[in-house]
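Summary of structural features
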Amino acid sequence: MATQGSQSEIEVVIEASTTFTSHNQQTVLSIIILKRLLNTLSSILAKFHAGYFRISLSLGGQVLLWKTLNGPSNDTSILRHVLHILYPTPFIVLWSLALFILVFLSLLYLLKCLFHFNTVKTEFLHDVGVNYLFTPWISWLLLLQSAPFIDPKTFPYLVLWWVFVIPVVVLDVKIYGQWFTKGKRFLSTVANPTSQLSVIGNLVGAQAAAYMGWQETSIFLFSLGIGHYLVLFVTLYQRFSGGIQLPGMLSPVFFLYFAVPSVASLAWESIAGAFDIVSKMLFFLSLFLFTSLVFRPNLFKRSMRRFNVAWWAYSFPLTVLALASTEYAREVKGSIAHILMLLLLAISVLVSLGLMVLTLFNIKMLLPDNDPIATLLNQ
């Protein structure tokens with residue numbers, strides 16, 4: 001009997017020891033997994049920058065494009081008829097997707113501000129990186145304008161407009177102020193194609209204000225943007241020696257040349273209430289700049305060798321150009337204008353869909369070690 005009791009005690013001790021060891025192994029495994037997740041997150045945040053908001057900017061432009069196409073119009077074409085039949089389900093799905101991606105990117109950048117503040121500070125002080133700080137606010141303003149659940153005349157719209165516009169104005173004060181006050185940061189030395197994002201921020205803010213009926217505020221933002229655009233446009237054309245030379249992988253940002261006049265034509269239409277002569281002139285300017293870039297494919301050859309998030313810079317300019325063409329076709333009501341609209345719409349949609357597919361199939365390449373902006377920030 002004594003022997004049986006001893007064996008039972010030994011078995012209990014062995015089982016307890018086994019259970020304790022198994023518990024320790026699970027704890028150690030959980031700690032290892034947690035550390036790996038934290039290391040992965042830290043690596044992602046270190047490589048992540050505001051340039052990734054190109055994705056949300058492009059999707060926001062597409063949402064606004066499709067909302068405009070589904071709006072009231074005298075156009076009785078098959079395209080309009082099909083869109084009105086499908087509306088609003090595809091539009092809400094696209095808007096929700098754009099909102100989800102923008103929220104996700106915003107949370108990532110917020111974490112970057114908390115855990116990698118030095119990198120954010122470097123980005124803020126960099127002549128290229130600081131311009132991309134406009135993109136999240138432009139994206140939010142685009143989604144606000146196209147929101148299916150918020151009317152421009154309501155209080156929530158007003159509050160959100162202020163939340164998204166104030167950072168744009170603060171960045172304006174920083175960037176525009178340094179152009180004519182800091183010795184080594186004159187516009188002639190820091191100007192680059194991404195500098196046009198600051199102008200786009202003002203113009204989109206002006207368009208959103210016009211939807212609320214805030215005429216004076218929209219004119220103020222429009223004049224702030226277009227005034228600096230005129231100086232910036234001339235400076236970029238002259239290409240002073242000693243200016244910033246962008247790496248070949250960032251050449252898609254040259255499409256911003258025709259994005260600004262396209263957005264300006266839409267913003268002025270919102271202010272004037274019609275696609276008048278000023279809007280048409282700005283649209284023709286954007287169309288000319290677009291044609292000039294299309295006939296220079298060698299400029300983009302190096303950037304197209306391997307997929308990079310910079311490719312998303314193609315989408316937004318094409319989308320706002322297509323959006324401006326729809327307003328032009330609605331005003332002119334001619335066959336040539338209608339064909340031009342359909343052509344630009346097709347290019348815009350195909351490019352956006354192509355970028356979505358390429359991004360899904362190249363997710364591992366979204367955070368490369370040789371990212372051009374990350375390289376510039378680390379110089």
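Structure first, text after, so check above.
Below, the structure is looked at part by part.

Conventions we followed
Residues numbered from 1 in each chain as written. Predicted model: local features only at pLDDT ≥ 70, side-chain atom pairs only at ≥ 80, totals over all residues. Heavy atoms only, no water. Helix = DSSP H or I, 4+ residues; strand = E, 2+ residues; numbered from the N terminus. Expected span 1.5 Å × (residues − 1). Buried < 20%, exposed > 50% of the residue type's maximum accessible area, 1.4 Å probe, protein only. Core = buried A, V, L, I, M, F, W, Y, C linked by side-chain atoms within 4.5 Å. Contact = heavy atoms within 4.5 Å. Patch = residues over 30% accessible without salt bridge, like charges linked within 9 Å, V, L, I, M, F, W, Y side chains within 5 Å. Areas by Shrake-Rupley, 256 points an atom, 1.4 Å probe, with all protein chains shown as cover. Salt bridge = Lys/Arg side-chain N within 4 Å of Asp/Glu carboxyl O. Phe/Tyr/Trp six-rings, centres within 6.5 Å; stacked < 30°, edge-to-face > 60°. Lys NZ or Arg CZ within 6 Å of the ring centre and 35° of its normal. Axes fitted to C-alpha atoms, helices over the stretch in contact; angles between N-to-C directions. Parallel < 35°, antiparallel > 145°, perpendicular 65-115°, else oblique. Left-handed = near helix turned anticlockwise from the far one by under 90°.

A word on helix H2 (residues 54–69)
Over its 16 residues, H2 extends 23 Å from the first C-alpha to the last, a length consistent with the 22 Å expected when each residue adds 1.5 Å. Among the 16 residues of H2, 14 are classified as buried, and the element is accordingly described as predominantly covered.

Digging into the nonpolar core
Considering soluble globular proteins, one finds that nonpolar side chains tend to be buried as a cluster. Ranked by size, the top nonpolar core spans 110 residues in total, and within it Trp 161, Ile 200, Leu 203, Phe 222 and Phe 258 carry the most contacts. Filtering out sequence-adjacent residues up to four positions away, Phe 222 remains in contact with Leu 203, Ala 206, Ala 264, Ala 267, Trp 268 and Ile 271.

What to know about the environment of Ile 138
Structurally, the position occupied by Ile 138 is in helix H6 (residues 135–145). By relative accessible area, Ile 138 is classed as buried at 0%. The contact partners of Ile 138, leaving out residues within four places of it in the chain, are Leu 57, Leu 197, Ile 200, Gly 201 and Val 204.

Quick notes on unusual backbone geometry
Despite not being glycine, Lys 333 shows a phi value in the positive range, around 60 degrees. As for its placement among the helices and strands, Lys 333 is situated in the loop between helix H13 (315–332) and helix H14 (335–361). Residue Lys 333 is classed as exposed on the basis of its relative accessible area, which comes to 60%.

Side note on the side chain of Ser 218
With respect to the helices and strands, Ser 218 occurs in helix H10 (residues 215–238). On the basis of relative accessibility, which here comes to 0%, the residue Ser 218 falls in the buried class. Residues within four places of Ser 218 in sequence aside, it is in contact with Ala 206, Ala 209, Ala 210 and Ile 271.

Overview of a nonpolar patch on the surface
A cluster of nonpolar side chains, Leu 41, Val 103, Leu 107, Leu 110, Leu 111, Leu 114 and Phe 115, forms an exposed patch at the surface whose accessible area comes to about 640 Å². The greatest single-element share of the nonpolar patch, amounting to 6 residues, is contributed by helix H4 (residues 89–115). Relative to the helices and strands, Phe 115 is located in helix H4. On the basis of relative accessibility, which here comes to 59%, the residue Phe 115 falls in the exposed class.

What to know about the environment of Gly 354
Relative to the elements of secondary structure, Gly 354 occurs in helix H14. Of the residues examined, Gly 354 reaches a relative accessible area of 28% and is grouped as partly exposed. Residues Gly 354 and Ser 315, 39 residues apart in the sequence, show an inter-C-alpha distance of 9.8 Å.

Some thoughts on H14
Think of an α-helix as 3.6 residues a turn; residues three or four steps apart then line up on the same face. When the terminal C-alpha atoms of H14 are compared, their 39 Å separation across 27 residues agrees well with the 39 Å that a helix rising 1.5 Å per residue should span. For H14, the set of buried residues is Ala 337, Met 341, Leu 344, Leu 345, Ser 348, Ser 352, Leu 355 and Thr 359.

A look at the packing of aromatic side chains
Under the definition given, this model contains 24 aromatic pairs. In this structure an aromatic cluster arises from ring pairing among Phe 255, Phe 258, Phe 290, Phe 300 and Tyr 314. The ring of Phe 124 is capped by Lys 174, whose NZ or CZ atom sits 4.8 Å from the centre of that ring.

Overview of the packing of H2 against H13
At a closest axis distance of 8 Å, the pairing of H2 and H13 adopts a crossing angle of 15 degrees. Judged by the inter-axis angle, H2 sits roughly parallel to H13. Regarding H2 and H13, the two cross each other, and that crossing is left-handed. Contacts from Leu 57, Ser 58, Gly 61, Gln 62, Leu 64, Leu 65, Thr 68 and Leu 69 of H2 reach H13 at Ser 315, Phe 316, Thr 319, Ala 322, Leu 323, Thr 326, Glu 327 and Arg 330.

Functional significance is not addressed by these values, which are geometric in nature.
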